[in-house]
Amino acid sequence: MTDGVPTWEEIARDHGRFLYAVAYRLAGNAEDAQDLVQDALLRIRRGLETYRPGSLQGWLARIVTNVFLDDVRRRRRRPTVALPPDHEHRLPPAAAADAASEALSEEVQRALDSLPPDFRVAVVLCDVADLGYDEIAGQLGVPVGTVRSRIHRGRRMLREMLSGAET
Amino acid sequence: MDCDDAIHKIYGFLDGELTVWRRREILRHLDECPPCAQGYDFEMELRQVIAMKCRDEVPPELKRRIAEALGYTSPEA
């Protein structure tokens with residue numbers, strides 16, 4: 001690393017896990033999340049010279065988010081293709097997590113998946129990437145009031161979905 | 001602070017977006033109001049579950065893909 005700017009190799013090695021965490025919450029499944037991370041790493045390599053030392057995770061989260069949003073727009077323009085029935089061999093085994101928390105987590109993931117993408121992005125950047133509202137606004141290029149409203153409305157929708165499912 | 005006010009501000013509270021003074025007001029309300037405290041616990045837990053994937057391991061397949069990309073591009077390799 002020179003002048004606070006990491007090399008692409010360092011990012012791929014040290015931040016793959018962070019990128020995957022954000023990607024998984026956005027994409028909702030392991031396979032799409034892996035594709036998002038791979039595309040994001042390519043963009044990171046191309047864009048690294050524009051990175052200015054600051055919040056590295058914020059910058060990385062923005063790139064993986066942009067890959068996700070581009071993907072969402074592309075999918076809207078073409079018919080969706082169903083997953084092949086034998087895709088389970090690509091799913092990672094949740095060795096560390098116990099069954100109960102994994103089931104709960106999957107339920108939360110399904111609820112997240114049903115949020116509009118803009119809302120999902122705001123909630124994920126806040127909770128997984130741990131960015132503040134103004135940082136998210138800066139990364140997405142929208143006013144902070146918009147970010148606040150998306151997060152609050154997204155959370156309210158999640159709560160309604162999850163409390164409805166529980167009772 | 002009443003319940004409407006507390007609920008309105010709870011997300012900002014969770015996300016660390018409120019001033020110390022506002023945080024203290026909400027905490028005082030949560031101490032006195034079990035229904036709001038329950039709502040707060042739910043939101044807190046939900047936030048943790050969403051963040052939990054951070055502790056998940058990167059799948060071996062992705063590790064392999066990253067290693068492959070590194071191998072192809074590393075000038076020192």
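Residues numbered from 1 in each chain as written. Chains lettered and ligands numbered in written order. Predicted model: local features only at pLDDT ≥ 70, side-chain atom pairs only at ≥ 80, totals over all residues. Heavy atoms only, no water.

## Section: the overall build of chain B
The helix and strand tally for chain B stands at 4 helices and 0 strands. Helices and strands appear in chain B in the N-to-C order α-α-α-α. Taking all 77 residues of chain B together, 36% fall into the buried category. Considering only contacts within chain B whose residues lie at least 6 apart along the sequence, 47% involve residues at least 24 apart. Only carbon and sulfur atoms are counted for the fraction: they give 54% of the accessible area of chain B, which is about 4,800 Å². (Helix = DSSP H or I, 4+ residues; strand = E, 2+ residues; numbered from the N terminus. Buried < 20%, exposed > 50% of the residue type's maximum accessible area, 1.4 Å probe, protein only. Contact = heavy atoms within 4.5 Å. Areas by Shrake-Rupley, 256 points an atom, 1.4 Å probe, with all protein chains shown as cover.)

## Overview of the confidence of the model for chain A
Here chain A averages 81 in pLDDT, while 80% of its residues score no lower than 70. Per-element mean pLDDT across chain A ranges from 75 in helix α5 (residues 99-113) of chain A up to 93 in helix α6 (residues 117-127) of chain A. (pLDDT = per-residue confidence, 0-100.)

## Focus on helix α7 (residues 133-140) of chain A
Residue and element names in this part refer to chain A. All buried positions along α7 are accounted for by Y133, I136, A137 and Q139. For α7, the arc enclosing every buried residue in end-on projection is 165°, short of the 170-degree limit, so these residues lie on one face. Among the exposed residues of α7, those oriented more than 90 degrees off its buried face are D134 and G138. Directly beyond the C-terminal end of α7, a positive phi value near 70° is found at G141. (Arc of directions from axis to C-beta.)

## Details of unusual backbone geometry
Residue and element names in this part refer to chain A. Positive phi, close to 60°, is recorded for D130, a residue that is not glycine. On the secondary structure map, D130 appears in the loop between α6 and α7. With relative accessibility at 57%, the residue D130 sits in the exposed group.

## Describing helix α3 (residues 34-52) of chain B
Look at α3 of chain B: 26 Å from first C-alpha to last across 19 residues, which is about the 27 Å you get at 1.5 Å a residue. By the burial criterion, the buried members of α3 of chain B are C36, Y40, E43, L46, R47, V49, I50 and M52 of chain B. (Expected span 1.5 Å × (residues − 1).)

## What about the nonpolar core?
Residues and elements named next belong to chain A. Ranked by size, the top nonpolar core spans 68 residues in total, and within it L41, I44 and W59 carry the most contacts. If you tally residues by element for this core, the top one is helix α4 (residues 56-77), at 10 residues. Beyond its immediate stretch of four places on either side in the chain, I44 contacts W8, I11, L19, W59, L60 and I63. (Core = buried A, V, L, I, M, F, W, Y, C linked by side-chain atoms within 4.5 Å.)

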